[in-house]
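Reading the structure
Below, each chain spelled out in residue letters.
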Amino acid sequence: MKIETIAIHSGNHPDESTGAVVSPINLATTFERDADGSYPKGYKYSRTNNPNRASLEQCVAELEGGSCAAAFSSGSAAAMALFQALSAGDHVIVPDDMYHGIANMLRGMFAQWNLQHTFVNMQDMQALEDAFQSNTKLVLIETPSNPMMKVTDIKAISDITHNHHAIVACDNTFATPILQSPFSFGADLVFHATTKYLNGHSDVIGGIVVAKHDDDFFKRIRDIQQVGGAVPAPFDCFLTLRGIRTLAIRMNVHCANAMAVAEFLSNHSSVEKVHYPGLITHPNHALASKQMKQFGGMLSFQIKGDAARAFEVASKVKLFTRATSLGGVESLIEHRASIEGPHTTTPQNLLRLSIGLEHIDDIIADLEQALS
Ligand SMILES: *Cc1c(COP(=O)(O)O)cnc(C)c1O
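The following paragraphs examine the structure supplied in this document. Fair warning: this is a prediction, and the values are worked out from it, not measured in the lab. (Residues numbered from 1 in each chain as written. Predicted model: local features only at pLDDT ≥ 70, side-chain atom pairs only at ≥ 80, totals over all residues. Heavy atoms only, no water.)

All right, on to helix α4 (residues 100–112) then. With 13 residues, α4 extends 18 Å from end C-alpha to end C-alpha; this agrees with the ideal 18 Å at 1.5 Å per step. Of all the bends in α4, the largest measures some 35° and sits at Leu-106. Among all positions of α4, only His-100, Ile-102, Ala-103, Met-105, Leu-106 and Phe-110 are buried. (Helix = DSSP H or I, 4+ residues; strand = E, 2+ residues; numbered from the N terminus. Expected span 1.5 Å × (residues − 1). Bend = angle between axes of the 7 residues up to and from the residue. Buried < 20%, exposed > 50% of the residue type's maximum accessible area, 1.4 Å probe, protein only.)

So, on to a nonpolar patch on the surface. On the surface, Ile-25, Leu-27 and Phe-235 cluster together into a nonpolar patch covering about 290 Å² of accessible area. With respect to the helices, strands and loops of the structure, Phe-235 is situated in helix α9 (residues 234–244). Phe-235 gets classed as partly exposed once you look at its relative accessible area, which sits at 43%. (Patch = residues over 30% accessible without salt bridge, like charges linked within 9 Å, V, L, I, M, F, W, Y side chains within 5 Å. Areas by Shrake-Rupley, 256 points an atom, 1.4 Å probe, with all protein chains shown as cover. Salt bridge = Lys/Arg side-chain N within 4 Å of Asp/Glu carboxyl O.)

Here we come to the pairing of strand β9 (residues 298–303). Burial analysis of β9 places 6 of its 6 residues in the buried class, which makes it a mostly covered element. Burial along β9 is two-sided: Met-298, Ser-300 and Gln-302 facing one way and Leu-299, Phe-301 and Ile-303 facing the other are all buried. When β9 meets strand β12 (residues 350–354), the two strands line up antiparallel, connected through 5 bridges. In the strand pairing of β12, Ser-300 is matched with Arg-352. (Pairing = 2+ DSSP bridges.)

As a further point, take the environment of Ile-339. Mapped onto the elements of the fold, Ile-339 is located in helix α13 (residues 336–340). On the basis of relative accessibility, which here comes to 38%, the residue Ile-339 falls in the partly exposed class.

With that settled, the discussion passes to the packing of aromatic side chains. Under the counting rule described, the total for this entry stands at 2 aromatic pairs. Summarising the aromatic geometry, the rings of Phe-31 and Tyr-43 are spaced 5.5 Å apart at their centres and angled 35° between planes, so their arrangement reads as tilted. Here Tyr-43 lies in the loop between α1 (3–9) and α2 (51–64) and Phe-31 lies in the loop between α1 and α2, a separation of 12 residues in the sequence. By relative accessible area, Phe-31 is classed as buried at 18%. With 5.4 Å between their ring centres and 70° between their planes, Phe-83 and Phe-110 make a pair best called edge-to-face. Of the two residues, Phe-83 sits in helix α3 (residues 75–84) while Phe-110 sits in helix α4, which places them 27 residues apart along the sequence. According to the relative accessible area criterion, Phe-83 is buried, its value standing at 2%. (Phe/Tyr/Trp six-rings, centres within 6.5 Å; stacked < 30°, edge-to-face > 60°.)

Further remarks concern the packing of α2 against α9. Here α2 crosses α9 at 35°, and the two axes come no closer than 8 Å. In the packing of α2 onto α9, the handedness of the crossing is left-handed. Residue-level inspection shows Asn-52, Arg-53, Ser-55, Leu-56, Cys-59, Val-60 and Leu-63 of α2 in contact with α9, the latter providing Pro-234, Cys-237, Phe-238, Thr-240, Leu-241 and Ile-244. Its residues assigned to classes, the contact of α2 with α9 shows 9 nonpolar, 3 polar and 1 charged. (Axes fitted to C-alpha atoms, helices over the stretch in contact; angles between N-to-C directions. Left-handed = near helix turned anticlockwise from the far one by under 90°. Contact = heavy atoms within 4.5 Å. Nonpolar A, V, L, I, M, F, W, Y, C, P; charged D, E, K, R; others polar.)

Listed below in structure tokens is the structure:
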């Protein structure tokens, strides 16, 4: 089945008792046992599993072409589960340009539990080779990366990583399964902040880990989910799945709008540099064309001038909202360095845009008046 069709139908079960076309929200925390003590419907207690979560997990697993998935209460909790599934003394390799919250997690709470990490420029295969240690168990990829929009070669990194008997987990939040299939390039795990494009309406915090194979490593992740209980509520699962129903068509418009904005900014005299993999001037454009179906709804650009000038532009937008996060129907603008904190390597004159689904003429008119 095609991915657009999976997005609409997967995980939906018309309600047997009423015939309702959309699966209901099951708020129950606990499920009835039979006289013989068994659980006839397969559900026991809502931390362990519930029908809405099962539907969401089935749908995202199918969209990614994986075999199983575990949903969490945030993208960060999903990333945490990957690290918690490792052991003290293990080593992970992560990109030097990545979602700052996950980098800070490794520097802080996981260092405390003696999980070792190395930040690597994932565009440099020799640097990656050199970073492997005998205890390296996991390599994380984030592509396109946040906020520099670097594109990483999933296949090349998966091959190198497998030679070292480690596994690859790919943060597919920016691309979504509509634009990029990390499993087809050799990744072992995919994870998402479903907070972003999958939910798509800026009203749910959530995350999910998808595994290519239901192996021992995924069983540890499932255990962390069910025993630790950082799980999404049934209503959040319902909303996220509802968002996914329109994911494929939303991504088409996000991509078309972002490409038009990238071209507009590239030709603007106040702009120093635009970071968007869809531009032929982007250093990873050829790789992006091979690895992605389209180039996504995220881009960043550097203004001619300093942080103050970047703040000035952000202060003048009217349609864009000044806010962190991404992937919703509304366009957002953000001065990234100031939210990333003291470890940031993001240029001070950089603004990140999450291009929404408004009419492209209105989006460009707003940027034009803010830049003038
Ligand atoms: C937002 C985000 C996360 C973290 O997700 P939360 O739901 O905010 O915890 C992880 N990775 C990427 C690429 C993100 O954009």
